[in-house]
Amino acid sequence: MATGKKKNNKSASHSKRVHRTKVAKEAKENKGGKAETSLQRVERRERNRKIGIAIAAIVFAVIMVLSMMLPSIASVFRQNQAQNQAETTTDDSTTESATTKTGLEGVNDQYRPLVEADEAKLKDDPNNLSALLDAGNQEMNWGYRSSMYATSDEDKNASNEHFNKSIAYFDRYLAINDSKAVHVDRALCQFYSGATDEAIAYLEDYANKNSDYAPAWANLGMMYESKTDTAKAKEYYNKAMEVDPDDKYGTKEYTQQRLDSINSTEQTENITKNEGYTGDFNSDVSNDATKDTNKTNTSIKGLSDTLNSKLEQ
């Protein structure tokens, strides 16, 4: 009996050690937490399996999306690279043209590629407003710049042809999108080409229909001043300041300069009527004119609203 009891105690002790070892192992697996049952282990393993499947699916999806996007990303990169290279090439060619060529030839080399680029766009899309507007502005600037170097009748005719082309582009633009600033620039093209009366008629008609647009009145003042009609010039300069008291269009400084110039000239002329004047009138007038030219040459080119508000498209 004693021997049997010993064997039972030994067996019980062994079972307890095995049980404690199993519990300790399960506790370790559970990171010090409460020992989980076999059912909980099965559920945990099933959850882990599902999570693993889900993660694998997400990784696969991400890889697929990236593989589809990579060609597009590469394409965009190539386009940006090509654009930057084109811009660098254009800048280099413009700089080279400006440094190696001067006068009329340099002006032609500067504006020709700009206009040709716009014309290429218009060939594919005749109603491209941006290209129409830019082509009109480039032809206008081309004509004005080339007129500064025109010495022969042929050069002058070529310069006027640029103004005519500019008017044609502006008319196409206005047929699609009405713009106050483009109307003013159209009239300025007429004025620069020597058709002053036509420019005044066009701009007066437009200004009377859009009386709150100060640049139209300011440019009319400039055109009448060029005809030495100072009374009409002052009327329109003052009109420009009247309709734009807050200087919304940036005409105040321009019109004030022109009014000061006219008033200064009239005061100088009045000096000759005073008996005490003994100076050289012609010399004084010439000096005043030189000072005024140095102060501002805006009246030569007029006031284009594109310098202030970039046009309301």
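Residues numbered from 1 in each chain as written. Predicted model: local features only at pLDDT ≥ 70, side-chain atom pairs only at ≥ 80, totals over all residues. Heavy atoms only, no water.

Visitor: Let's hear about unusual backbone geometry: which residues, and what values?
Guide: Here T228, not a glycine, exhibits a phi torsion of approximately 60°, which is positive. Relative to the assigned elements, T228 resides in the loop between α8 (214-226) and α9 (230-243). Since its relative accessible area comes to 63%, T228 is described here as exposed. The backbone phi angle of D247 is positive, close to 55°, even though this residue is not glycine. Locating D247 in the fold gives a position in the loop between α9 and α10 (252-271). (Helix = DSSP H or I, 4+ residues; strand = E, 2+ residues; numbered from the N terminus. Buried < 20%, exposed > 50% of the residue type's maximum accessible area, 1.4 Å probe, protein only.)

Visitor: Give me the packing of aromatic side chains: which residues, what numbers.
Guide: Per the stated rule, a full pass over the model turns up eight aromatic pairs. Considering the side-chain rings of Y144 and Y192, the 5.4 Å spacing of their centres and the 50° angle between planes classify their relative orientation as tilted. Of this pair, Y144 sits in helix α4 (residues 129-147) while Y192 sits in helix α6 (residues 180-192), and the two are 48 residues apart along the sequence. The class of Y144 is buried, set by a relative accessible area of 17%. (Phe/Tyr/Trp six-rings, centres within 6.5 Å; stacked < 30°, edge-to-face > 60°.)

Visitor: Would you mind going over the pattern of salt bridges in detail, with residue names and values included?
Guide: Under the defined criterion, the tally for this structure stands at eight salt bridges. Here D171 and R186 are joined by a salt bridge, their closest N and O atoms 2.7 Å apart. Highlighted residues: D171 in helix α5 (residues 153-176) and R186 in helix α6, separated in sequence by 15 residues. Note that K180 is salt-bridged to D212, the shortest N-O span being 3.8 Å. One end of the pair, K180, is in helix α6; the other, D212, is in the loop between α7 (196-209) and α8, with 32 residues separating them in the sequence. For D212, a relative accessible area of 45% puts it in the partly exposed group. (Salt bridge = Lys/Arg side-chain N within 4 Å of Asp/Glu carboxyl O.)

Visitor: Quick rundown of the nonpolar core? Include the residues and the values.
Guide: Residues L188, L203, L220, M222, M223 and Y237 are the most contacted members of the largest nonpolar core, which totals 42 residues. Counting residues per element, the ones that place at least two in this core are α4, α5, α6, α7, α8, α9 and α10. (Core = buried A, V, L, I, M, F, W, Y, C linked by side-chain atoms within 4.5 Å.)

Shape descriptors only; they carry no functional weight alone.
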